[in-house]
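Examination of the molecular architecture
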Amino acid sequence: MDWNFVIFSTLKILCVIFLALMPMVAYAVLAERKISAFIQDRVGPNRVSLPLIGGIPIIGPFLTRWGVWQPMADGLKAFLKEDFTPNYVRKAYFWLAPALTMTPAFLTIAVIPFGSNLGNQKMVIADLNVGILYTFGIVSLGVYGIVLAGYASNSKYPFLGGIRSTAQMISYEIAMGMSVIPVFLVAGDLNLSKIVERQALEGWFALPFMAQQQTLMSYLLWPCAMISFFIFLVSAFAETNRLPFDLPESETELVAGYNTEYSSIKFALFFMGEYANMIAASCMMVTLFFGGWSLPGLATPANTILAGLLHIGVFVGKMLVFMVLFIWVRWMLPRFRYDQLMDLGWRRFVPLALANILVTATVLLLLNSK
Amino acid sequence: MIVQRKPLTFWERLYLPAIAGGFKVTWKHFRRTLFGGDNAAKQTSKGYYPEVPWTVADGYRGAPYLLKDQDGNTKCVSCQLCEFVCPPKAIKITPPGDSGLKADRSNAEKMPLEFEINMLRCIFCGFCQEVCPEEAIFLQKDYSLTGLTRSEMIYDKEKLLALGGTNAGIQKWKHKLEEAKVQETFPVKL
Ligand code: SF4
Ligand code: SF4
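Residues numbered from 1 in each chain as written. Chains lettered and ligands numbered in written order. Predicted model: local features only at pLDDT ≥ 70, side-chain atom pairs only at ≥ 80, totals over all residues. Heavy atoms only, no water.

**Points about the overall build of chain B**
As a reminder of what qualifies: Helix and strand definitions follow DSSP, with helices as H or I runs of at least four residues and strands as E runs of at least two, each counted in order from the N terminus. A radius of gyration in this sense is built from C-alpha atoms; the matching globule rule multiplies 2.2 Å by the number of residues raised to 0.38. The buried label applies to any residue whose accessible area, calculated with a 1.4 Å probe on protein chains only, is under 20% of its type's maximum; exposed applies above 50%, and partly exposed to all values in between. Throughout, the Shrake-Rupley method with a 1.4 Å probe supplies accessible areas, and for residues the shown protein chains are the sole cover considered. Positive: Lys, Arg. Negative: Asp, Glu. His and the chain ends are not part of the count. Taken as the charge centre is NZ of Lys, CZ of Arg, CG of Asp or CD of Glu, depending on the residue.
The helix and strand tally for chain B stands at seven helices and five strands. Reading the secondary structure of chain B in the N-to-C direction produces α-α-α-β-α-β-β-α-β-β-α-α. Taking 16 Å as the expected radius of gyration for a compact globule of 190 residues, we find that chain B reaches 26 Å, considerably beyond that expectation. Judged by the C-alpha coordinates and their principal axes, chain B covers about 85 × 50 × 30 Å. Taken across its 190 residues, chain B has 28% of its residues classed as buried. A total accessible area of about 13,300 Å² is found for chain B, and carbon and sulfur atoms account for 58% of it. In chain B, 27 positive and 22 negative side-chain charges are present, and the distance between their average locations comes to 12 Å.

Put into structure tokens, the structure is as follows:
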């Protein structure tokens, strides 16, 4: 047995989950609260202060004013609140549902190359050669958490939320899956690390001028890539149940949708699941369309620790841009009506994605046959 | 009335102009609050909530309390209509029973032995105030009720009366009494 591999893999998993993902989820919630506050002329969390740090002049009050400690208070509250289980629920499923929402989001992160190399370790937890298929497989599991929550709650609003999410997530998964096929046609590989390496050299799919060497081909394929990206982006909003597509939750119609009956840490799991899903979706977009860890000039896999860290930083930076986009859109756009959502998914995006595949394939054929 | 719905133009159906418009509005507010240091609390009051308490407007429907009449007597006659109408069943009234407590005022037959409102259940809907034939219960201006235990949040008659204060209202029983007295003499001159 290769102990080196086992130890480093465990280390990578622990670091990614507990040092990166969980804090990111917590601070994504804070960012959401702050950004929404600013958009709505409010100030947002500005109270929580730690006894010793809060007293440090200048920095202490500054951190407090920015709500930097708020996620800790939120987390503590979620753990300490009364965990109320209504007595009419289907207990086993009721307990299972929050876990089922949280885990798929974490599992998708496994195949994302979040950096090139650090030392002699590749910065990806599982370098699968069917990366994207794995991702779509896992993402589809995410719907079970919500559907089960709706079913197990045994009450009407969660049930409606569950039904909506089934239809919504299944429809948009199709559009999403088909929207990325052009990317793989161009890259000729399903392995996400390979895709990133290709983009680093020949230009990001969504921004072909960010390239090490400019090629005509990436410019010719630019329109196709943009359509792919657009469909993927919109589907990602639908898949993560974010506004304008938050119909499973839609608090103005369904109380709180599928998580109406949940309280305390179980609710927090749904909540964190949503943010973890957003992070996963942002990572996917960065990896597939925006060149992952690469920047022009930093395009070759790192062989020093410093360059490795820089690559990770670049990746995280790009991902944060998408997180802000997710958050901003929530406070900008009103919710779609249910039939509009379905119409958009089936009658616009699915045909568009199919046509896009065809056009990309034709362009590739013409380019390669000359 | 029939609202005319104009079919959307192609440009509108693209959604994109609406998104751009939305971004313009949100960015304006975001910039003003983050960089301009301006916010709603600064514009509408002197500061933020716990330090600067909220000024409750007249007609606000806060917690329901029991009232006393102009002579300091209990107005409630234990008719239990409010208990019946209360949607979340927050009110629990113990009537005096056959040989029980007499009302502490004239013209009323009884008053409640115990009157409890569970403030954890109460939704401040105002149905009790609306249904009460005696104007004995009113939603008042308290909006922030706190307690450390659940039992602390069940307000009993004494507490409700103390918090409720006096409201003379239309004094229907005083007028009835005067009417009755006047009617004893003949011819009636009112
Ligand atoms: S305000 Fe509504 S909920 Fe509260 S005690 Fe009165 S009737 Fe009941
Ligand atoms: S408060 Fe009013 S409605 Fe309620 S029991 Fe007393 S008299 Fe009747």
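**Brief notes about empty space enclosed by the protein**
Residue and element names in this part refer to chain A. We apply this condition: Buried and open spaces are told apart on a 1 Å grid over the protein atoms alone, a cavity being a set of points where a 1.4 Å probe fits but cannot get out and a pocket being an open set with protein on both sides within 12 Å along at least five of seven lines. Residues with an atom within 4 Å of a point are the lining residues. Grid points are joined across faces, edges and corners, and a volume is the space filled by probe spheres set on the points. Amino acid classes used here: Ala, Val, Leu, Ile, Met, Phe, Trp, Tyr, Cys and Pro are nonpolar; Asp, Glu, Lys and Arg are charged; the rest, including Gly, are polar.
Applying the stated criterion to the full structure yields five cavities of 30 Å³ or more. Looking at the largest cavity, its volume works out to about 270 Å³. Thr108, Val139, Glu239, Asn277 and Ala280 are the residues nearest the centre of the largest cavity, which is lined by 22 residues in total. Its residues placed into classes, the lining of the largest cavity shows 14 nonpolar, seven polar and one charged. If you list the elements that add at least two residues to the lining of the second largest cavity, you get helix 7 (181-187), helix 8 (192-202) and helix 10 (222-239). Looking at the lining of the second largest cavity, its residues break down into 10 nonpolar, three polar and two charged.

**With respect to the site of ligand 2**
For the record, the criterion: In this text, near means that some heavy atom of the residue lies within 4 Å of the molecule or strand in question.
Close to ligand 2 lie Cys76, Val77, Ser78, Cys79, Gln80, Cys82, Ile93, Phe115, Cys132, Pro133, Glu134 and Ile137 of chain B, which account for all nearby residues. Split by residue class, the shell around ligand 2 holds nine nonpolar, two polar and one charged.

**Some points on the interface of chain B and chain A**
Basically, it comes down to this: When checking whether two residues touch, look at their non-hydrogen atoms; a contact exists if any pair is within 4.5 Å. Buried area, as used here, totals the accessible surface that two parts lose on assembly, with accessibility defined by a 1.4 Å probe and the loss added over both. Only one rule defines a salt bridge in this text: a Lys or Arg side-chain nitrogen within 4 Å of an Asp or Glu carboxyl oxygen. Whenever two N or O atoms come within 3.5 Å, that pair is a polar contact, provided that in protein one can donate a hydrogen and the other can accept it, and provided that, for residues adjacent in sequence, both atoms are side-chain atoms.
The interface is formed by 17 residues belonging to chain B together with 16 residues belonging to chain A. Each partner contributes to the roughly 1,500 Å² buried at the junction of chain B and chain A, and carbon and sulfur atoms together form 67% of this total. If you sort the residues of chain B by the area they bury against chain A, Tyr15, Thr26 and Phe30 of chain B come out on top, with a joint share of 32%. Inspection of the chain B/chain A interface yields three salt bridges. A salt bridge links glutamate 82 of chain A to arginine 150 of chain B; the nearest nitrogen and oxygen atoms lie 3.3 Å apart. There are seven residue pairs in polar contact (both at pLDDT 80 or more) connecting chain B and chain A. With 10 residues, the single largest contributor to the side of chain B that touches chain A is helix 2 (residues 16-34) of chain B.

**What to know about the sheet that holds strand 2 (residues 91-94) of chain B**
Residues and elements named next belong to chain B. Put simply, the rule reads: Between any two strands, at least two bridges found by DSSP are needed for them to pair.
On the basis of which strands lie adjacent, the open sheet formed by three strands has the order 2-3-5 and antiparallel pairing. Both edges of this open sheet fall to strand 2 and strand 5 (154-155), since each of them pairs with a single strand only. Sheet analysis places strand 3 (residues 114-118) next to strand 5, joined by two bridges and oriented antiparallel. Counted as the bridge partner of asparagine 118 is isoleucine 154 from strand 5.

**A short note on the environment of aspartate 74 of chain A**
Residues and elements named next belong to chain A. Counting through the fold element by element, aspartate 74 comes out in helix 3 (residues 70-80). By relative accessible area, which is 28% here, aspartate 74 ends up partly exposed. Sequence separation between aspartate 74 and isoleucine 112 is 38 residues; the distance between their C-alpha atoms is 29 Å.

**Re the side chain of glutamine 199 of chain A**
Residue and element names in this part refer to chain A. Take glutamine 199: it is sitting in helix 8. Side-chain polar atoms of glutamine 199 contact the backbone oxygen of leucine 288, separated by 3.2 Å. When neighbours within four sequence positions are excluded, glutamine 199 is seen to be in contact with Trp204, Phe205, Met210, Thr287, Leu288, Phe289, Phe290 and Gly291.

**A look at the nonpolar core**
Test applied: By convention a nonpolar core is built from buried Ala, Val, Leu, Ile, Met, Phe, Trp, Tyr and Cys residues, the set being connected through side-chain atoms within 4.5 Å.
In terms of nonpolar packing, the biggest core is built from 82 residues, with Phe232, Phe245, Leu288 and Phe289 of chain A touching the most fellow members. Here this core gets 12 residues from one element, more than from any other, and that element is helix 12 (residues 264-289) of chain A. Once you skip the residues sitting within four places of it in the chain, phenylalanine 245 of chain A turns out to touch Gln168, Tyr172, Val234, Phe237, Ala238, Phe336, Leu341 and Leu344 of chain A. Ranked by size, the runner-up nonpolar core spans 22 residues in total, among them Ala63, Cys82, Ala136 and Met153 of chain B.

**Examining a nonpolar patch on the surface**
All names here are of chain A. Rules: Excluding any residue in a salt bridge, patches collect residues exceeding 30% relative accessible area, merging like charges within 9 Å and nonpolar Val, Leu, Ile, Met, Phe, Trp and Tyr side chains within 5 Å.
Together, Tyr93, Leu96, Tyr151, Tyr157, Phe159, Leu160, Ile163 and Val255 line one region of the surface with nonpolar side chains, adding up to about 710 Å² of accessible area. Looking at the nonpolar patch, the elements with two or more residues in it are helix 4 (91-109) and helix 6 (156-179). Looking at the nonpolar patch element by element, the count peaks at four residues for helix 6. For phenylalanine 159, the location among the structural elements is in helix 6.

**Quick look at the state of the cysteines**
Residue and element names in this part refer to chain A. Stated formally: We call a pair of cysteine sulfur atoms a disulfide when they lie within 2.5 Å.
Enumeration over the complete set of coordinates arrives at zero disulfides over all chains. Just so you know, cysteine 283 is unpaired, no disulfide at all, and the nearest cysteine sulfur is the one on cysteine 15, 16 Å from it. What makes cysteine 283 buried here is its relative accessible area of 4%.

**Side note on the pattern of salt bridges**
Residue and element names in this part refer to chain A. The tally for this structure, following the rule as stated, stands at 14 salt bridges over all chains. For lysine 266, the salt bridge is made with aspartate 83, and the minimal N-O distance between the two is 3.2 Å. Linking lysine 266 in helix 12 with aspartate 83 in the loop between helix 3 and helix 4, this pair joins segments that are 183 residues apart in sequence. Classification of lysine 266 by relative accessible area gives buried; the value is 4%. In this structure, the salt-bridge partner of aspartate 343 is arginine 348, at a minimum N-O distance of 3.5 Å. Connected via shared salt-bridge partners are Glu32, Arg242, Glu274 and Arg330.

**What to know about the site of ligand 1**
Near ligand 1 lie 13 residues; those nearest to it are Cys86, Cys122, Cys125, Gly126 and Cys128 of chain B. Class assignment for the residues of the shell around ligand 1 results in 12 nonpolar, one polar and no charged.

**So, helix 5 (residues 131-153) of chain A**
Put simply, the rule reads: Every helix has an expected span of 1.5 Å times one less than the residues it contains.
Here helix 5 of chain A contains 23 residues, and its C-alpha end-to-end distance of 35 Å stays within 8% of the 33 Å for a straight helix at 1.5 Å per residue. The positive-phi residue at the C-terminal boundary of helix 5 of chain A is asparagine 154 of chain A, with phi of around 60°.

Note that every value here comes from positions in space, so none of it alone points to a role or purpose.
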